[in-house]
Amino acid sequence: MNTLQDELQQRLAALEPETLIVHDDSAAHAGHAGSGGGGHFEVTIVAQAFAGLGKVARHRKVYALVADLMPVRVHALSIKALTPDEL
């Protein structure tokens, strides 16, 4: 069975990232008010797919791939989205 972290990685692979790091930070937020039990994740993704896009548009591309997981399975998602030239 795939973990939620694995599922996030598989879905974000659609952006053909050069770098993709999905960190599960849920343990640090255990008992967080309003979380409803969903996971907390940090994503760092470097992909050419973000070229020419602003921060909001980049985040929208990421959220579009995982929207059905939110807010029940994924309560919080922190995104750092860069192009290869921005490293």
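Look above for the structure.
Just so you know, these numbers come straight off a predicted model, no measurement behind them.

A. Looking closely at the overall build of the protein. Secondary structure assignment for the protein yields two helices and three strands. The N-to-C order of helical and strand elements in the protein reads α-β-β-α-β. Looking at the protein as a whole, 32% of its 87 residues qualify as buried. Sequence separation of at least 24 residues holds for 65% of the intrachain contacts in the protein that already meet a minimum separation of 6. In the form shown here, the protein has an accessible surface area of approximately 5200 Å², with 52% of it arising from carbon and sulfur atoms.

B. Up close: the sheet that holds strand β3 (residues 74-82). Strand order in this open sheet of three strands is β1-β2-β3, and the pairing throughout is mixed. Edge positions in the open sheet fall to β1 (19-24) and β3, since each of these has one partner strand only. Pairs of neighbouring strands in the sheet enclose a mean axial angle of 15°, with direction left out of account. The pairing of strand β2 (residues 39-46) with β3 spans eight bridges and is classified as parallel.

C. View of the pattern of salt bridges. Per the counting criterion, the structure on display carries four salt bridges. With its nearest N and O atoms 2.4 Å apart, the salt bridge here joins R11 to D68. Taken together, the residues R11 in helix α1 (residues 4-12) and D68 in the loop between α2 (55-66) and β3 connect sequence positions 57 residues apart. By relative accessible area, which is 22% here, R11 ends up partly exposed. Its relative accessible area of 58% is what places D68 among the exposed residues. Overlapping salt bridges, with partners in common, bring together E7, R11, D68 and R73 in one network.

The rules we used
- Residues numbered from 1 in each chain as written.
- Predicted model: local features only at pLDDT ≥ 70, side-chain atom pairs only at ≥ 80, totals over all residues.
- Heavy atoms only, no water.
- Helix = DSSP H or I, 4+ residues; strand = E, 2+ residues; numbered from the N terminus.
- Buried < 20%, exposed > 50% of the residue type's maximum accessible area, 1.4 Å probe, protein only.
- Contact = heavy atoms within 4.5 Å.
- Areas by Shrake-Rupley, 256 points an atom, 1.4 Å probe, with all protein chains shown as cover.
- Pairing = 2+ DSSP bridges.
- Axes fitted to C-alpha atoms, helices over the stretch in contact; angles between N-to-C directions.
- Salt bridge = Lys/Arg side-chain N within 4 Å of Asp/Glu carboxyl O.

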